Amino acid sequence: MLLIACPWCGPRDEAEFHYGGQAHVAYPEDPAALSDEEWARYLFFRDNPEGLFAERWSHTAGCRRWFNAVRDTATNEIHAVYRAGEPRPVIA
Amino acid sequence: MSERSERTGGAAAQPHRREGASGRVLRFRFDGREYEGLEGDTLASALLANGVRAVASSIRLGRPRGVYAAGSEEPNALVQIEEPFPEPMLQATTVELYDGLVATGLPGQGRLADRPDPARYDAVHAHCDVLVVGAGPAGIAAAGVAARAGARVILADERPEPGGSLLGTAETLDGRPGREWAAEEVAALAALPEVRVLRRTTVLGHYDDNHVIAVERRTNHLGAAAPADVARERVWRIRAGRVVLATGGHERFVAFAGNDLPGVMLAGAARTYANHYRVLPGRRAVVFTTNDSAYAAALDLADAGVEIAAIADVRQAPGEAWAARCAERGLEVLTGHVVTAAKGEGEVSSVEVASREGGQAREIPADLLLVSGGWTPVVHLFSQAGGTLRYDEELGAFTPGETRQAVEAAGFARGVRTLRACLEDGAEAGRRALAAAGFAVPAGPAVPSGTAVPSAGEEPAAAPAEHLWLVEAPGDGGDYGTHFVDLQRDVTVGEVLRAVGAGLTSVEHVKRYTTAGTAHDQGKTSGLLTGGVVAHALGVDVAELGTTTFRAPYTPVSFAALAGRDRGPLHDPVRVTAMHEWHVARGALFENVGQWKRPWYYPRRGEGPGEDPGEDMEAAVLRECRAAREDVAAMDASTLGKIDVVGPDAAVLLDRLYTNMMSTLKVGSIRYGVMCRPDGMVFDDGTVIRLADDRFLVTTTTGNAAAVLDWMEEWLQTEWPDLRVCCTSVTEQWATVALVGPRSREVLARLAPGLAVDNDSFPFMTWRDAEVAGIEARVCRISFSGELAYEINVSSWSGLALWEAVMASGEVTPYGTETMHVLRAEKGFPIVGQDTDGTVTPQDLGMEWIVSKKKADFVGKRSFARADTSRPDRKHLVGLLPEDPGVLLPEGAHLVETSALPEPPVPTLGFVTSSYRSAALGRTFALALVSGGRERVGERLYAPVGADLVPVTVTSHVLYDPEGARRDG
Amino acid sequence: MADSVAASVAASMAERRSPAAAFAARFEAASAGGGLRLAEIPFLTQINLRVDPKSPAAERIGTAIGVPLPVEPGTAAGGGDLEVLWLGPDEWLVVGPDGAAPGLVERLTEAADGEHVSVVDVSAQRTTLVVAGDRARDVLAHGCALDLHPRVFGPGRVAQTMLARAGVVLVAGADGFRLLVRSSFAAYVAEWLLDASVEYVAGG
Ligand SMILES: [Zn+2]
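Residues numbered from 1 in each chain as written. Chains lettered and ligands numbered in written order. Predicted model: local features only at pLDDT ≥ 70, side-chain atom pairs only at ≥ 80, totals over all residues. Heavy atoms only, no water.

## Quick word on the sheet that holds strand β1 (residues 37–41) of chain C
All names here are of chain C. Strand order in the open sheet made by the five strands is β1-β7-β10-β9-β8, with antiparallel pairing throughout. The open sheet terminates on both sides in strands that have one partner only, identified here as β1 and β8 (158–163). The average undirected angle you get between the axes of adjacent strands in this sheet is 30 degrees. Note that strand β9 (residues 166–173) and strand β10 (residues 176–182) share six bridges and pair antiparallel. The residue of β10 that forms the bridge with Val 169 is Leu 180. Along the sheet face, helix α2 (residues 24–31) touches β1 and β7 (126–132) and points at about 150 degrees away from the line of β1. Along the sheet, helix α6 (residues 186–196) makes contact with β1, β7, β8, β9 and β10, crossing β10 at roughly 145 degrees. (Pairing = 2+ DSSP bridges. Helix = DSSP H or I, 4+ residues; strand = E, 2+ residues; numbered from the N terminus. Axes fitted to C-alpha atoms, helices over the stretch in contact; angles between N-to-C directions. Contact = heavy atoms within 4.5 Å.)

## Structural notes on the nonpolar core
General note: in soluble globular proteins, nonpolar side chains tend to be found buried as a group. Residue and element names in this part refer to chain B. Leu 43, Phe 256, Phe 288 and Leu 369 are the most contacted members of the largest nonpolar core, which totals 107 residues. Per element, the largest residue contribution to this core is nine residues, and it comes from helix α6 (residues 293–304). Residue contacts for Leu 369: discarding those within four places in its chain leaves Phe 256, Gly 263, Val 264, Met 265, Val 286, Phe 288, Val 339, Ala 342 and Val 351. By size, the runner-up hydrophobic cluster in this structure holds 35 residues, among which are Ala 627, Ala 738, Ala 789 and Ala 825. (Core = buried A, V, L, I, M, F, W, Y, C linked by side-chain atoms within 4.5 Å. Buried < 20%, exposed > 50% of the residue type's maximum accessible area, 1.4 Å probe, protein only.)

## What about the interface of chain B and chain A?
Opposite the 25 residues of chain B that make contact, chain A presents 26 residues. When chain B packs against chain A, close to 2,200 Å² is buried across both sides, 47% of that on carbon and sulfur atoms. Among the ionic pairs, Glu 713 of chain B bridges to Arg 64 of chain A, the shortest N-O distance being 3.7 Å. Here chain B is connected to chain A by 16 residue pairs in polar contact (both at pLDDT 80 or more). For the side of chain B that touches chain A, the element with the most residues is helix α18 (residues 705–719) of chain B, which contributes eight residues. Classifying every residue of the side of chain B that touches chain A by side-chain character gives nine nonpolar, four polar and twelve charged. (Buried area = accessible area lost by both parts, 1.4 Å probe. Salt bridge = Lys/Arg side-chain N within 4 Å of Asp/Glu carboxyl O. Polar contact = N/O pair within 3.5 Å; in protein donor to acceptor, adjacent residues only side chain to side chain. Nonpolar A, V, L, I, M, F, W, Y, C, P; charged D, E, K, R; others polar.)

## Examining the coordination of the zinc ion
Residues and elements named next belong to chain A. For the zinc ion, the protein coordination sphere consists of Cys 6 (SG), Cys 9 (SG), His 59 (ND1) and Cys 63 (SG), at 2.0 to 2.4 Å. Its four donor atoms give the zinc ion angles of 103 to 119 degrees at the centre, a pattern that matches the tetrahedral case. Between the donor residues of the zinc ion, the gaps in sequence give the motif C-x2-C-x49-H-x3-C. Of the residues examined, Cys 63 reaches a relative accessible area of 0% and is grouped as buried. (Donors = N, O, S within 2.8 Å, 3.2 Å for Na, K, Ca; no water. Tetrahedral: all angles 85-135°; square planar, octahedral: opposite > 155°, others 65-115°.)

## A look at the confidence of the model for chain C
Residues and elements named next belong to chain C. Summing up the model confidence of chain C, the mean pLDDT is 93 and the portion of residues at 70 or higher is 92%. pLDDT under 50 marks residues 1–11. Its contacts with residues more than four places away, or in other chains, come to zero contacts. For this predicted complex, the interface score ipTM comes out at 0.98, alongside a pTM of 0.95. (pLDDT = per-residue confidence, 0-100.)

## Overview of the confidence of the model for chain B
Here chain B shows a mean pLDDT of 94. Residues at 70 or above account for 96%. Taken together, the stretch residues 1–11 of chain B has pLDDT below 50 and engages in 19 contacts with residues farther than four places along the chain or on a different chain.

## Some remarks on the interface of chain B and chain C
Contact residues are listed per partner, giving 50 residues for chain B and 44 residues for chain C. Counting the surface lost from both chain B and chain C, the interface buries some 4,100 Å², and carbon and sulfur atoms represent 48% of this. Of the charged contacts, one joins Asp 572 of chain B and Arg 165 of chain C as a salt bridge, the two residues approaching to 4.0 Å between their closest N and O atoms. For the side of chain B that touches chain C, the class distribution of residues is 20 nonpolar, 13 polar and 17 charged.

## Observations concerning helix α5 (residues 267–275) of chain B
Residue pairs three or four apart in sequence face the same way in an α-helix, which turns once every 3.6 residues. All names here are of chain B. Counting buried positions along α5 yields nine of nine residues, so the element is predominantly enclosed. Along α5, the residues classified as buried are Ala 267, Gly 268, Ala 269, Ala 270, Arg 271, Thr 272, Tyr 273, Ala 274 and Asn 275. Looking at the buried side of α5, the elements it contacts are α2 (43–49), β16 (249–251), β17 (264–266), α6, β24 (368–372) and β25 (375–377).

## Describing the environment of Glu 171 of chain B
Residues and elements named next belong to chain B. For Glu 171, the location among the structural elements is in the loop between β9 (153–156) and β10 (172–173). Put simply, Glu 171 and Gly 481 are 310 residues apart on the chain and 40 Å apart in space, counted from C-alpha to C-alpha. For Glu 171, the side chain forms a polar contact with the side chain of Thr 169, separated by 3.1 Å.

## Regarding helix α1 (residues 36–44) of chain A
Three or more residues of α1 of chain A are buried, namely Trp 39, Ala 40, Tyr 42 and Leu 43 of chain A. Projected onto a plane normal to the axis of α1 of chain A, the buried residues spread over an arc of 160 degrees and lie on a single side. (Arc of directions from axis to C-beta.)

## Some remarks on the pairing of strand β47 (residues 923–931) of chain B
Residues and elements named next belong to chain B. In terms of burial, β47 is largely enclosed, as nine of its nine residues are buried. Side chains of β47 alternate between two faces, with Arg 923, Phe 925, Leu 927, Leu 929 and Ser 931 and Thr 924, Ala 926, Ala 928 and Val 930 buried alike. Two strands pair when backbone bridges link them, and strand β44 (residues 875–882) and β47 are joined in this way by six bridges, in the antiparallel orientation. By the bridge assignment, Leu 880 is partnered in β47 with Ala 926. Across eight bridges, the pairing between strand β46 (residues 910–918) and β47 is antiparallel. Note on β47: the bridge partner recorded for Ser 914 is Leu 927. In sequence, β46 turns back onto β47 through a hairpin of four residues, with Gly 922 there showing a positive phi of about 65 degrees.

## What about empty space enclosed by the protein?
Remark: the empty space left among the atoms is shown by a probe the size of a water molecule rolled over them. Residues and elements named next belong to chain B. Following the criterion strictly, the structure yields five cavities of 30 Å³ or more and no others. For the largest cavity, the calculated volume is near 70 Å³. Listing elements by their share of the lining of the largest cavity, those giving two or more residues are β36 (682–692), β37 (695–700) and β42 (789–795). Counted by class, the lining of the largest cavity contains five nonpolar, four polar and two charged residues. (1 Å grid on protein atoms, 1.4 Å probe; cavity = no way out; pocket = protein on both sides within 12 Å on 5 of 7 lines; lining within 4 Å. Points joined across faces, edges and corners; volume = space filled by probe spheres on them.)

## Points about the environment of Gln 405 of chain B
Residues and elements named next belong to chain B. Along the chain, Gln 405 turns up in the loop between β27 (397–400) and β28 (407–409). Taking the relative accessible area as the measure of exposure, Gln 405 reaches 11% and is therefore buried. For the pair Gln 405 and Leu 538, spaced 133 residues apart in the sequence, the C-alpha separation amounts to 35 Å. Non-local contacts of Gln 405, meaning those with residues more than four positions away in its chain, are made with His 206, Tyr 207, Asp 208, Asp 209, Asn 210 and Ala 385. A polar contact is formed between the side chain of Gln 405 and the backbone nitrogen of Asp 209, at a distance of 3.2 Å.

## Let's talk about unusual backbone geometry
Excluding glycine, a negative phi dihedral is what most residues carry, and trans is how most peptide bonds are arranged. All names here are of chain B. The amide bond that connects Ala 552 to the next residue, Pro 553, takes the cis arrangement and shows omega of 0 degrees. Among the secondary structure elements, Pro 553 is positioned in the loop between α13 (542–545) and α14 (559–563). Put simply, Pro 904 and Pro 905 share a cis peptide bond, and its omega is -5 degrees. A positive phi angle, near 50 degrees, is found at Arg 200, a position not held by glycine. Mapped onto the secondary structure, Arg 200 falls in the loop between β12 (195–198) and β13 (201–207). Residue Thr 515 is not a glycine yet carries a positive backbone phi of 70 degrees. Within the secondary structure layout, Thr 515 lies in the loop between α11 (507–514) and α12 (527–538).

## Here's the deal with the side chain of Arg 431 of chain B
Here Arg 431 of chain B lies in helix α9 (residues 419–436). A distance of 2.7 Å separates the side chain of Arg 431 of chain B from the side chain of Glu 428 of chain B, its partner in a polar contact.

## Some remarks on the pattern of salt bridges
Counted under the stated rule, the structure contains 90 salt bridges over all chains. With its nearest N and O atoms 3.8 Å apart, the salt bridge here joins Glu 91 of chain C to Arg 65 of chain A. Taken together, the residues span two chains, with Glu 91 of chain C in strand β5 (residues 91–96) and Arg 65 of chain A in the loop between β4 (52–58) and β5 (66–72). Like Glu 91 of chain C, the residue Arg 65 of chain A is buried in the burial classification.

Below, the structure is given as structure tokens:
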């Protein structure tokens, strides 16, 4: 059970959160302008790195805010949490 | 009560009990025989006291097995408690004896109870600055330092009393026996306000972020006397700032011929039986060791009255002080010797000892063979926590290395050898934990007794151990068939060598190939030995080979404990509406919809005893359907999700999320809408009510209420933070009664005299505020059945009152979800999640009309232009009419084209999603998703049902009132 | 006329039933020992308020209801017969006595003065359960993963979290805890509390 630091509520059990997949995948400006291939990339393709990964979480059982976290997928260590709309922090 | 004089059977009843043992006499039965033991015994010590040697038999080979260890590392002595309540696969060494205990030895496998366990189990969350695992010398020292500085401390130990390794030895601390010191020290700690001492508590798992799971056995040791209202076992879910693992070590054995015979025992365990339980596990012993620790055991046993026939030490140079003490006592020490075999019929009667240089083996009569192959630090939890392990050459074992988590090992768990060093190491760990938790750290190393590190006697300087894993057996022919490495799995050296011979070079692979280390003792005594034998066979270093991964749980845990109170009615929340009590009283049967209990149907109860059985489901549903289509009926629709959407951009948000246009909806009106995922697949549907220019009330399906709200928040927060809209769940603010049928207008008019209900004043898809049955209400004219219908919403506090008012005249028939499903299916209205499965577009459902062509974009729109969503062979929602109107197709039945099944794989055209008997149609019908279904209307298809192929005709999915003539009444 | 309005209000009040009404007797029995007190406080007014905390509207609302909106996450602020619970960075629950909803909605909406604010009456969405007494923390710890130590979660703290398998708003007061529970979950939470209390109630 991870302890995830909600940027508002502070550390809470992982069970209070929903996972939202890769962060910083913006809804395309004009979907109609995209080719089928480009649209399919948006819909179906996500990174799957071993190591640092910026991903979205929602504190569903708490304040219901979406935020982003940089988690090491190999160790589960969360290196940073930041609010939606903020840039991904640089992890040394 | 607790005097030795009470012992009824005298010494003969417990022939191996030492003189001077005291305690209340307890009676128990094992394998059908009556025995006596003493309070404080484990089942193992009581059996040994009674001279019982073979306790169980092995799982594969059926060999007799005796008690091997004195704690949770026991591989052999598996028992089943039969009474007071059956519990399988327990270690006799961890079962505390109680009066009336009935147990049997197991052949490696137990039997589950055939009746529900009446005991309570529960769980509790706990938080602390410092969790100390293990109340031995290092753990007590660590906890003492942290606790006395004011930190919140939890000290957990698996045994009934603190002391750890001190319990088995005769060592003194501050001039007191170690056991007394531990008891007093821990009692003092327990009295501190921020300290929690957990006895009989095994830490099973160490997870991310110092989340630690432990199980406390609270009343197991009380047997039938356990109070019924106290949870028998409790799972502790501990979140610790810092963890100190003072888990000590396990002794390991050596692989030699017959090393599994009853009478072969770990030397430290025998010492514990003699010192702590005051039991002599044998009369005449041979000691076989690779290190100094067995000498202390030999001397203690000799003091207790066991004849030590010889000590075979693999080393040429044992510790000098130990050798001298043995010489003083006249104990024969055979240096450079090994035990080549334990011999005997069913138990040890002699031990074969030989010089490592060769020469004639000597057979020594003995009923006890004490073995010490060295000590292995208990690193399970450190490894589970993600820590690395490194090989300690001197110890011949793995010790904790690096870790990311706030955890450290202390004492022997990290290879610290002497008692004094362990005490100091524990105190240091306590100081580090304090500093990490932000407390002022007391100066150290303070040694005054009672406050920090107690004084302990000097121990003889240790001579290096030699790491011997395997004793070759010349007469064995290389078979190694009784050289066991894993006693519980019956894995021998022979099998490990075969695995290596088959080309396996990793311990992980050998483990899987041989099953060594996979039994429920998790290879505590055997894991390293297996690695040692593999390394020996490959001619490599154990260090190089590494070790297998440690996984939770450290010891077996009962499912009952893990389930805790989350069973029966508390297994999962049951959500009910404000009208629930009425439905129960009316005899409704209920259907689970998500966590909701919804009335399924209301069978008419039989009248008179025995003559009238009442209605079955089919009759009840047909009656309810007829009432809704021909008269008036009502359903509790409170479970629909409801969301208030408020703000100047509310209409913009809804336009982006629904496939159809919501911004053009007039205040006072209602529109049905569908939401899709970006991939174009239907996600949810429901109605949208416009309350004001900037305010809508959105309804969702019952199961998706939370998901739709989350969906809205996700878009608002992550993609469109500029939209000024807020969404608030009001699902339970409102209770909803659906009033349905041609006479619903008449009933509503009577309940709401102030409301103009005629069709012009209150047209379809509009809403009105009104007082209904004297209750403030919002009435919506919507229909999910095709009939004239209203949904009356009131504060859920008044839901029951409204329902009772609707039912008061007796003319309104209550109906449940089954009837609701039939009515909507007759009209071809799909249910999201039943007729859709996340692969269905609105177009597939025949709902092209709900997809706006005017909006530039909405979620899902782009996907409707993908090649895949316009394939002609996509599955469409269609109706099916079985050719025999009495045949009800099972939901999920597949559909094929031919009247005889071809060879598999049989191509399927689709499947039935909904299937009912219709009162209105006078026959059965179904909805189905069928490949190219709309082009197949009129075709005959076949549904394989059991051995039959049922012919069906494809029709439109709208089977009843396709022109929509009935909705205005 | 006024009399008949009062009579009709009284009549409709009499018809109300709170979500945990059926548990009153069992709560009372569990509270008899003294170590624990379980009870429902029915029909409290609860208004869900969403507003940008930095907006003038937020300030006006604080003034209008006499309680500045608490901006520190996980805290409550009180004044008069109102209490404002922090639910999120732009979301609060304004709690007041039974019957206060219409007036409160009006005051909040007026204070917004046309700015974008969401004011939603959710009084019947959740009911309020009291868990108080010396053993209150022990009972809650069976199902709540939060650290309820008085130094960490003392009076004035609020959390939206899970109790067993139900979402709750947990409020720590000077006199124990209040749980704001979704109405449909009230029976489950009540049964759960009674079951979790068994060890602390038996033998008084
Ligand atoms: Zn939060």
